[in-house]
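# A closer look at the structure
Letter by letter, the chains look like this.
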Amino acid sequence: MSAELILGIETSCDETAAAVVTGGGDILSSVVSSQSDLHARYGGVVPEIASRRHLELVSPVVRAALEDAHATLDDVRLVGVTQGPGLVGALLVGLSAAKALAWARGLPLVPVDHLRAHVATLYLAPDPLEPPFTCLLASGGHTMLLSVRNHAGFDILGATLDDAAGEAFDKGARLLGLGYPGGAAIDSLAAEGDPDAYSFPIARVPGLDFSFSGLKTALLYTVRGLGEDELEARRTDLAASYQRAIVGALVGRLRAAAAETGDRTIAVVGGVSANSELRTALPEARFVPLALCTDNAAMIASAARFARPLSTPDYLALDAYASV
Ligand SMILES: Nc1ncnc2c1ncn2[C@@H]1O[C@H](COP(=O)(O)OP(=O)(O)OP(=O)(O)O)[C@@H](O)[C@H]1O
Ligand SMILES: [Mg+2]
């Protein structure tokens, strides 16, 4: 085994993840332990519960990632870990574990920005994308249009003024009685429905920003106006129409952003990039495999390849950050 491996650790929300990636961007292992079952009954992530679960899972998940990669800590040359944005209590578990590992082994450590890491999924083998490109990042916590000029970062061209696209999916799913998280459930239900059955408004905000809160309210009032049986009968049409509105807003703004940057290459990352209608609506765009759309640690290790590592003991005082 070569000694050129990067260990990535991710604990920003409700996934405990670890991965082993080569310096060339090949994924040797990627272990994601989701806690969504634990949080489902609360209809969202409970920060305190997430932190406690990360504590239980982080060591076994790291061990599993090394095992899957047929590697040991002797083969690791760099540790990458999410520093933020996310839930601070959750982030601190991964950050502390990464510091401990790096310090004990005398390894350098790279603190990774979670949003840059979503973009860095595009740099993984076997078909890495080369900047420049215009990118839509649409996840549970963020929705942004990005101008990516190099591997190290991006400029923000536009962002949501209220809810993130993934949040709009999750809130819509909740109104439709589909449980949490609901993006994937809306996606599969929408496939059986008529997207033209309902007309949900897409907020027209100036520039390259987004707004999704009005859409959610429109769905709320529509659902309230239906009886229980009627809701049951129209659920697929509601899901299809609601999804069509979100996808329409994302596609329109991404193409407008690309026209502004002049980039010929466009890409979509983040959990919402798993959406099948969005993938079909943008045949010209680059998407990553489904497993890399939602949170994972391969993206953290990938981003670590393009950032400056800190050596012992410079990283010991690093703190987590909650927002961008
Ligand atoms: N097929 C799908 N269609 C639409 N949305 C989806 C699909 N699959 C997952 N999602 C949504 O993706 C989101 C999760 O994405 P991700 O894991 O990237 O976000 P996060 O880590 O919670 O937020 P952030 O990255 O902003 O911190 C959830 O809101 C989920 O509903
Ligand atoms: Mg994420």
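I will try to describe carefully the structure that is included in this document. None of these values were measured; they are calculated from a predicted model.

## Digging into the overall build of the chain
If you tally the helices and strands in the chain, you get 10 helices and nine strands. Relative to the 2.2 N^0.38 estimate, which gives 20 Å for 324 residues, the radius of gyration of the chain is 20 Å and therefore close to what a compact globule would have. Seen through its principal axes, the chain has C-alpha atoms that stretch 60 × 45 × 30 Å. Within the chain, the proportion of its 324 residues that are buried is 52%.

## Some words on the site of ligand 1
Taken together, the neighbourhood of ligand 1 is formed by 20 residues, with Ser139, His142, Asp170, Asp187 and Asp295 sitting nearest. Contact between ligand 1 and Ser139: an oxygen atom at 2.5 Å from a side-chain N or O atom of the residue. Interatomic distance of 3.1 Å between a side-chain N/O atom of Asn275 and a nitrogen atom of ligand 1. Burial of ligand 1 by the protein chains amounts to 89% of its free accessible area of 640 Å². Elements with a minimum of two residues in the shell around ligand 1: helix 4 (114-120), helix 5 (165-175) and helix 6 (183-190).

## A few points about the coordination of the magnesium ion (ligand 2)
All of the protein donors around the magnesium ion (ligand 2) are His114 (NE2), His118 (NE2) and Asp295 (OD); their distances to the metal are 2.0 to 2.2 Å. Sequence spacing among the residues donating to the magnesium ion (ligand 2) works out to H-x3-H-x176-D. Here His114 pairs with His118, and both are found in helix 4, just four residues apart, close to one helical turn. Summarising the burial analysis for this pair, His114 and His118 share the class buried.

## Observations regarding the side chain of Ser51
One can find Ser51 in helix 2 (residues 47-68). In contact with Ser51, other than residues within four places in its own chain, are Gly89, Ala90 and Val93.

## Focus: the pattern of salt bridges
Considering all chains together, one arrives at 13 salt bridges under this definition. One salt bridge in this structure joins Glu56 and Arg53, with 2.5 Å as the shortest N-O distance. Here Glu56 pairs with Arg53, and both are found in helix 2, just three residues apart, close to one helical turn. Salt-bridge contacts for Lys216 lead to Asp163; the nearest nitrogen and oxygen are separated by 3.0 Å. A residue pair is termed long-range when its members are at least 10 positions apart, and Lys216 in helix 7 (residues 213-224) and Asp163 in the loop between strand 8 (153-159) and helix 5 qualify at 53 residues. Exposure remark for Asp163: the relative accessible area of 7% places this residue in the buried category. It is possible to trace a salt-bridge network through shared partners that takes in Asp163, Glu167, Lys171 and Lys216.

## Re the packing of aromatic side chains
If you walk through the whole model with that rule in mind, you get five aromatic pairs. Judged by centre distance (6.1 Å) and plane angle (85°), the ring pair of Phe200 and Tyr242 falls under edge-to-face. In this pair, Phe200 is assigned in the loop between helix 6 and helix 7 and Tyr242 in helix 8 (residues 228-261), connecting sequence segments 42 residues apart. In terms of burial, Phe200 and Tyr242 fall into one category: buried. Pairing Phe210 with Phe212 gives two aromatic rings, centres 5.9 Å apart and planes at 15°, and the pair type is stacked. For the pair Phe210 and Phe212, a shared accessibility class is recorded, and that class is buried.

## So, the side chain of Thr82
Examined against the element boundaries, Thr82 turns out to sit in strand 4 (residues 76-84). Among the polar contacts made by the side chain of Thr82, one reaches the side chain of Glu10 at a distance of 2.7 Å. Every residue in contact with Thr82, bar those within four places of it in the chain, is listed here: Ile9, Glu10, Ser12, Leu91, Val112, His114 and Ile300.

## A few points about the environment of Ser139
Mapped onto the fold, Ser139 is located in the loop between strand 6 (133-138) and strand 7 (143-150). In this structure Ser139 comes out as buried when scored by relative accessible area, which is 8%. Once the C-alpha coordinates of Ser139 and His118 are considered, the two residues, 21 residues apart in sequence, prove to be 9.2 Å apart. Apart from residues lying up to four places away in sequence, Ser139 is in contact with Ala164, Ala165, Gly166, Glu167, Gly270, Gly271 and Val272.

Rules used throughout
Residues numbered from 1 in each chain as written. Chains lettered and ligands numbered in written order. Predicted model: local features only at pLDDT ≥ 70, side-chain atom pairs only at ≥ 80, totals over all residues. Heavy atoms only, no water. Helix = DSSP H or I, 4+ residues; strand = E, 2+ residues; numbered from the N terminus. Rg over C-alpha atoms; globule rule 2.2 N^0.38 Å. Buried < 20%, exposed > 50% of the residue type's maximum accessible area, 1.4 Å probe, protein only. Near = heavy atom within 4 Å. Polar contact = N/O pair within 3.5 Å; in protein donor to acceptor, adjacent residues only side chain to side chain. Areas by Shrake-Rupley, 256 points an atom, 1.4 Å probe, with all protein chains shown as cover. Donors = N, O, S within 2.8 Å, 3.2 Å for Na, K, Ca; no water. Contact = heavy atoms within 4.5 Å. Salt bridge = Lys/Arg side-chain N within 4 Å of Asp/Glu carboxyl O. Phe/Tyr/Trp six-rings, centres within 6.5 Å; stacked < 30°, edge-to-face > 60°.

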